[in-house]
Amino acid sequence: DRKPETIAHGGSVEDVLKHLKSDPKIGAAIDFKISGGEFVADIKIVSKETRSDIKFVAFLAENGIKAAQAGDSEIDTHNHALRAAYNGEVLGEDISVTAGAMLNKTVKFPLSAKYKDEKNCEIIALITNKSDDTVINVQRVKVGRKIGY
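The paragraphs below set out a description of the structure included in this document. These numbers come from a predicted model, not from an experiment.

1. A look at the overall build of the chain
Step number 1: Secondary structure summary: the chain contains one helix and eleven strands in total.
Step number 2: Ordered by position from N to C terminus, the α and β elements of the chain give α-β-β-β-β-β-β-β-β-β-β-β.
Step number 3: Of all 149 residues assigned to the chain, the portion counted as buried reaches 35%.
Step number 4: The contacts of the chain with a sequence gap of at least 6 include a subset with a gap of at least 24, amounting to 63%.

2. Concerning the packing of aromatic side chains
Step number 1: Within this structure, the stated rule accounts for three aromatic pairs.
Step number 2: Aromatic side chains Phe56 and Tyr86 sit 5.9 Å apart centroid to centroid with 75° between the ring planes, which places their arrangement in the edge-to-face category. In this pair, Phe56 sits in strand E3 (residues 51-62) while Tyr86 sits in the loop between strand E6 (81-85) and strand E7 (93-97), placing the two residues 30 residues apart along the sequence. Tyr86 shares its class with Phe56; the two are buried.
Step number 3: An aromatic cluster is built from Phe32, Phe39 and Tyr115, whose rings are joined through pairwise contacts.

3. Describing the pattern of salt bridges
Step number 1: Considering all chains together, one arrives at ten salt bridges under this definition.
Step number 2: Salt-bridge contacts for Asp31 lead to Lys33; the nearest nitrogen and oxygen are separated by 3.7 Å.
Step number 3: Take Asp31: its relative accessible area is 23%, and that puts it in the partly exposed class.
Step number 4: Take Lys33: its relative accessible area is 28%, and that puts it in the partly exposed class.
Step number 5: With a closest N to O distance of 3.6 Å, Lys130 and Asp94 form a salt bridge. Of this pair, Lys130 sits in the loop between strand E9 (121-129) and strand E10 (135-142) while Asp94 is found in strand E7, placing the two residues 36 residues apart along the sequence.

4. Notes on unusual backbone geometry
Step number 1: Despite not being glycine, Lys25 shows a phi value in the positive range, around 65°.
Step number 2: Along the chain, Lys25 turns up in the loop between helix H1 (13-17) and strand E1 (26-35).
Step number 3: In this structure, His80 takes a positive phi of about 60° despite not being glycine.
Step number 4: Relative to the assigned elements, His80 resides in the loop between strand E5 (75-78) and E6.

5. Comments concerning the sheet that holds E1
Step number 1: Spatial ordering of the open sheet is given by E8-E2-E1-E11, a layout of four strands whose pairing is antiparallel. Single-partner strands in this sheet number two, and they are strand E8 (102-110) and strand E11 (145-147). For this sheet, the mean inter-axis angle between neighbouring strands, taken without regard to orientation, is 15°.
Step number 2: With ten bridges connecting them, E1 and strand E2 (residues 38-47) associate as antiparallel partners. Across the sheet, the residue bridging to Asp31 is Asp42, located in E2.

So, how was this worked out
- Residues numbered from 1 in each chain as written.
- Predicted model: local features only at pLDDT ≥ 70, side-chain atom pairs only at ≥ 80, totals over all residues.
- Heavy atoms only, no water.
- Helix = DSSP H or I, 4+ residues; strand = E, 2+ residues; numbered from the N terminus.
- Buried < 20%, exposed > 50% of the residue type's maximum accessible area, 1.4 Å probe, protein only.
- Contact = heavy atoms within 4.5 Å.
- Phe/Tyr/Trp six-rings, centres within 6.5 Å; stacked < 30°, edge-to-face > 60°.
- Salt bridge = Lys/Arg side-chain N within 4 Å of Asp/Glu carboxyl O.
- Pairing = 2+ DSSP bridges.
- Axes fitted to C-alpha atoms, helices over the stretch in contact; angles between N-to-C directions.

Structure follows, in structure tokens:
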């Protein structure tokens, strides 16, 4: 058993991935694009086990933002800056999966003038344990791209 760990300031998705089991038994494939004035992610979730004790979480993030941090005058490049959470739920929504069956989720975020460059946006999708919010699996993909399980 692993103890929950905190990802340090400046941590990355790769830091989270290091703490996942080698076979989480559940995965997500994502097709992420801009369509009709919004970001659209078609997500397919498949599990080797039937589970009702999990949650689905999705975030829109932006990379390459050149700006000063609040209270600082130095310009830095900020990556993985949180722009929105799916349904406004930072901790996600309860889901159930049946072994071998595909669960389809369509996640949409409206385009916004507050984004510096929508081509630098990405979606981060997580499957977490309902009981303690620990991450079971996570996927990340930039807009205009696809990623498999």
